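Below are the chains, spelled out letter by letter.
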Amino acid sequence: MISLQNLTCTFHAGTPNAKTVIRDLNLTVDAGEFVTIIGSNGAGKTTLFNLISGNLLPTSGRVFIDGEDVTAHPEYKRARTMGRIFQDPLAGTASNMTLEDNMMITCKKGFKWPVISLNRKMRAYFCEQLVNLKMGLESRMKENISTLSGGQRQALTLLMMVLSNPAIALLDEHTAALDPRNAAIVMDLTTRFITEHRLTTLMITHNMNHAIAYGSRLLMMDAGEIIIDVSGADKARLTVPKLLEMFSTVRRKAFENDEVLLAAG
Ligand SMILES: Nc1ncnc2c1ncn2[C@@H]1O[C@H](COP(=O)(O)OP(=O)(O)O)[C@@H](O)[C@H]1O
Ligand SMILES: [Mg+2]
């Protein structure tokens, strides 16, 4: 589904400030895989998503989606196959619009209907979808998004992503800004949607326990490279100490990142 070949991304190439953030990276993700990605700050995780989504062009290397070379395709062209969710709950929805208008815009993207304006059938469909979130949002469809909590917004962003009917989900620390209770609710919803819609998923998290507990495959990134790639039974047996030990073995130094280690505690 996703194939990255010799991908390199250098910012300010050819200047004294040149900085290689993704380094000759190769990765193949099969359809339906759920990959968790962990790594210290600045490891290049978000940049990797920018390269996959077409938000950034690689300095060299190629990006294939479903067998097609999309390296030169702009972001809007890839957006039809991809949904992306960010850490900031404000990023996924339009604050000054109602829930139903936000949902309508999303449906346009997924071409579920040739959307002209909201009609009764669509409202009923949205209502039914919101009931599934179990947050009481079905009675608030005419309220502005800005009245929702961070957790509700992230849940709605997830629902809207699914309604847009993507094949690939890119989740960038999408629960990091939420309190533990809401983070758990949004993670439950995430796994449910991924399973129901058979999404090929890449999920960046700074929570080692989440990276281990969720998904079918775990990648650890460091300094623009994938240094650990575990799946199947090996992943099932993984623990936080084991992961830290693997990092030390590869890098010959201790893993240092307060945020990640605190979240693992
Ligand atoms: N547009 C940019 N221009 C210059 N440097 C950037 C840009 N985007 C990211 N970087 C740098 O690239 C490195 C990797 O960033 P990022 O991919 O956001 O890391 P992560 O998501 O793993 O924390 C960081 O050092 C960051 O400062
Ligand atoms: Mg990041």
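Source: prediction; values computed, not measured.

Summed over all chains, the structure comprises two aromatic pairs. Measuring from ring centre to ring centre gives 6.3 Å for Tyr125 and Phe126, while their planes differ by 50 degrees; the resulting arrangement is tilted. We note that Tyr125, like Phe126, is buried. For the ring pair Phe247 and Phe255, a centre distance of 4.9 Å and an interplane angle of 90 degrees mean the geometry is edge-to-face. Here Phe247 matches Phe255 in class, with each residue buried.

Here we come to unusual backbone geometry. The phi dihedral of His12 falls on the positive side, at around 55 degrees, and the residue is not glycine. You can call His12 exposed: its relative accessible area is 53%. One non-glycine residue, Ala223, lies in positive phi territory at about 45 degrees. As for its placement among the helices and strands, Ala223 is situated in the loop between strand E9 (217-222) and strand E10 (225-231).

What follows concerns the sheet that holds strand E7 (residues 168-172). The mixed open sheet is built from six strands, whose spatial order is E6-E7-E8-E3-E9-E10. Strands with a single pairing partner mark the edges of an open sheet, and in this sheet they are strand E6 (82-85) and E10. Averaged over all pairs of adjacent strands, the angle between strand axes in this sheet comes to 15 degrees, irrespective of strand direction. Of the pairings in the sheet, the one linking E7 to strand E8 (residues 200-204) comprises five bridges and is parallel in character. Across the sheet, the residue bridging to Leu171 is Met203, located in E8.

For the rest of this paragraph, the subject is the packing of helix H5 (residues 150-163) against helix H6 (residues 180-196). Direction vectors running N to C along H5 and H6 enclose 10 degrees, while the axes themselves pass 9 Å from each other. Classified by the angle between their axes, H5 and H6 sit roughly parallel to one another. For the pair formed by H5 and H6, the contact residues are Gly151, Gln154, Ala155, Leu158, Leu159 and Val162 on the first element and Asn182, Val186, Leu189, Thr190 and Phe193 on the second. For the contact of H5 with H6, the residue count by class is seven nonpolar, four polar and no charged.

In the neighbourhood of ligand 1, the contacting residues comprise Phe11, His12, Lys19, Val21, Ser40, Asn41, Gly42, Ala43, Gly44, Lys45, Thr46 and Thr47. Within the side chain of Lys19, a nitrogen or oxygen atom sits 2.5 Å from an oxygen atom of ligand 1. Notes on ligand 1: free accessible area 570 Å², of which the protein chains cover 62%. The set of elements that each furnish at least two residues to the shell around ligand 1 consists of strand E2 (19-29) and helix H1 (45-53). For the shell around ligand 1, the leading source of residues is H1, giving three residues. Classifying every residue of the shell around ligand 1 gives three nonpolar, seven polar and two charged.

Under the domain assignment used here, the chain contains domain 1 (2-81 + 167-264) and domain 2 (92-165). For domain 1 versus domain 2, the distance between C-alpha centres works out to 27 Å. If you look at the interface, domain 1 gives 16 residues, while domain 2 gives 15 residues. Interface area for domain 1 against domain 2, summed over the two sides, is near 1,200 Å², with a carbon-plus-sulfur share of 73%.

All right, on to the pattern of salt bridges then. Pairing between side chains of opposite charge can happen when their charged atoms approach one another. If you walk through the whole model with that rule in mind, you get ten salt bridges. The closest approach of N and O atoms between Glu33 and Arg217, which form a salt bridge, is 3.2 Å. Taken together, the residues Glu33 in the loop between E2 and strand E3 (34-39) and Arg217 in strand E9 connect sequence positions 184 residues apart. Residue Arg217 is classed as buried on the basis of its relative accessible area, which comes to 8%. A salt bridge links Glu196 to Arg192, with the nearest nitrogen and oxygen atoms 3.4 Å apart. With Glu196 and Arg192 both in helix H6, this residue pair falls four residues apart, about one helical turn.

About the cut-offs
Residues numbered from 1 in each chain as written. Chains lettered and ligands numbered in written order. Predicted model: local features only at pLDDT ≥ 70, side-chain atom pairs only at ≥ 80, totals over all residues. Heavy atoms only, no water. Phe/Tyr/Trp six-rings, centres within 6.5 Å; stacked < 30°, edge-to-face > 60°. Buried < 20%, exposed > 50% of the residue type's maximum accessible area, 1.4 Å probe, protein only. Helix = DSSP H or I, 4+ residues; strand = E, 2+ residues; numbered from the N terminus. Pairing = 2+ DSSP bridges. Axes fitted to C-alpha atoms, helices over the stretch in contact; angles between N-to-C directions. Parallel < 35°, antiparallel > 145°, perpendicular 65-115°, else oblique. Contact = heavy atoms within 4.5 Å. Nonpolar A, V, L, I, M, F, W, Y, C, P; charged D, E, K, R; others polar. Near = heavy atom within 4 Å. Polar contact = N/O pair within 3.5 Å; in protein donor to acceptor, adjacent residues only side chain to side chain. Areas by Shrake-Rupley, 256 points an atom, 1.4 Å probe, with all protein chains shown as cover. Domains from an automatic or database assignment. Buried area = accessible area lost by both parts, 1.4 Å probe. Salt bridge = Lys/Arg side-chain N within 4 Å of Asp/Glu carboxyl O.

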